[in-house]
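Residues per chain, in single letters:
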Amino acid sequence: MAPLPDAVTALLRAADSDTLLRDAEHLAEGLDAAGWTPEVESGRFGADGWDLLSSAWAPNVSVFFDGSERSVREAALAVAAALKAEPHRWTFDSEGPDWSTWPVDDERWGTDDIDWLVWEGADVIVTLFTAGETPAGPGTLPAHLQLAIERGDTPSEGLPRDDDRARRVLREGSVVDRWYLAGERDLPAEVIEALENDPDPRVRAAAESERWIRERSFSGPPPAE
């Protein structure tokens, strides 16, 4: 089994509702300390070929890795092994088949429905999913995994839109707070305009990137870093 990148194992160690998943500042600090590098897009980080999307409302992270089916399976098995190695911290709580016990070349990978594996602990829920190459429009998605870490007290539908909070973050929040705010999909128009004209270039770049995504301007490349 291939070893996990240090940034992934450090993230699993840091997964706590009172530290990493507390707010925007704690997310950014925790991810930086774990070895993740921020990118232009709000909440996006990268490390060793792995991608991470994070949000501060409510605080959560999702980690993605894609590649060959074998490399993805090996990575998923390594993540599961790291979680199962700390039974005092994480309780395994999945209803479907426990594919974390399968060899990487087991035939069941291709014949059984692969469901999410779930761990719970310290007011945090960790879910792990993997899939082989799948059709997507005119092309295909490569084999991939998703590792999601979220607070246990977050509603399944997420937190509702809160325009007063958005305006307060815009007015009083730090650069990191505003960088994360730029990534929220449902914001008042005047907040979006203010973020696009923010005095900090990092916030402006994130807001411009989000505008390109909203407008779905696929005729050209996304905003340059």
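Placed above this text is the structure.
Quick look at the structure, then. Worth saying up front: this structure is predicted, and the values here are computed from it rather than measured.

The rules behind these values
- Residues numbered from 1 in each chain as written.
- Predicted model: local features only at pLDDT ≥ 70, side-chain atom pairs only at ≥ 80, totals over all residues.
- Heavy atoms only, no water.
- Pairing = 2+ DSSP bridges.
- Helix = DSSP H or I, 4+ residues; strand = E, 2+ residues; numbered from the N terminus.
- 1 Å grid on protein atoms, 1.4 Å probe; cavity = no way out; pocket = protein on both sides within 12 Å on 5 of 7 lines; lining within 4 Å.
- Points joined across faces, edges and corners; volume = space filled by probe spheres on them.
- Nonpolar A, V, L, I, M, F, W, Y, C, P; charged D, E, K, R; others polar.
- Buried < 20%, exposed > 50% of the residue type's maximum accessible area, 1.4 Å probe, protein only.
- Contact = heavy atoms within 4.5 Å.
- Polar contact = N/O pair within 3.5 Å; in protein donor to acceptor, adjacent residues only side chain to side chain.
- Salt bridge = Lys/Arg side-chain N within 4 Å of Asp/Glu carboxyl O.

Right, let's talk about the pairing of strand β2 (residues 44-47) for a bit. Sheet analysis places strand β1 (residues 37-38) next to β2, joined by two bridges and oriented antiparallel. Bridge pairing in β2 places Thr-37 opposite Gly-46. Remark: five residues form the turn of the hairpin made by β1 and β2, two consecutive strands paired antiparallel; Gly-43 in that turn has positive phi of roughly 80°. Relative to strand β3 (residues 50-56), β2 is paired through four bridges, and the arrangement is antiparallel.

A probe matching the size of a water molecule, rolled over the atoms, marks out where space remains unfilled. Considering only enclosed or pocket space, the largest pocket measures out at about 280 Å³ in volume. Every residue lining the largest pocket is counted, 13 residues in all, and those nearest its centre are Ser-54, Ser-55, Gly-183, Glu-184 and Arg-185. For the lining of the largest pocket, the element with the most residues is β3, which contributes three residues. Computed from the structure, the second largest pocket encloses a volume of approximately 200 Å³. Along the wall of the second largest pocket there are 13 residues; nearest its centre are Arg-73, Trp-109, Ile-114, Ala-131 and Gly-132. Here the lining of the second largest pocket takes three residues from helix α3 (residues 69-84), the largest share from any one element. The residue inventory of the lining of the second largest pocket, partitioned by class, reads five nonpolar, four polar and four charged.

This part covers helix α2 (residues 24-34). Each full turn of the α-helix corresponds to 3.6 residues, which orients residues three or four apart in the same direction. Ala-24, Leu-27, Ala-28, Gly-30, Leu-31 and Ala-34 are the residues of α2 that are buried. The inward-facing, buried residues of α2 contact α1 (6-14), β2, β3, β4 (59-67) and α6 (175-181). One side-chain oxygen of the residue at the start of α2 lies 3.3 Å from the amide nitrogen of Glu-25, identifying that residue as Asp-23. Residue Gly-35 follows α2 closely and has a positive phi angle near 105°.

Residue Ala-58 follows Trp-57 across a cis peptide bond; omega there is -10°. Despite not being glycine, Asp-48 shows a phi value in the positive range, around 55°.

Here the structure, examined in full by the defined rule, presents 16 salt bridges. Ionic pairing is found between Arg-73 and Glu-69, a salt bridge with its closest N-O pair at 3.2 Å. Linking Arg-73 with Glu-69, this pair stays in helix α3, spanning four residues, or about one helical turn. Among the salt bridges present, the one from Asp-164 reaches Arg-167, with a minimum N-O distance of 3.7 Å. Of the two residues, Asp-164 and Arg-167 both sit in helix α5 (residues 163-172), three residues apart, roughly one turn of that helix. On the basis of relative accessibility, which here comes to 32%, the residue Arg-167 falls in the partly exposed class.

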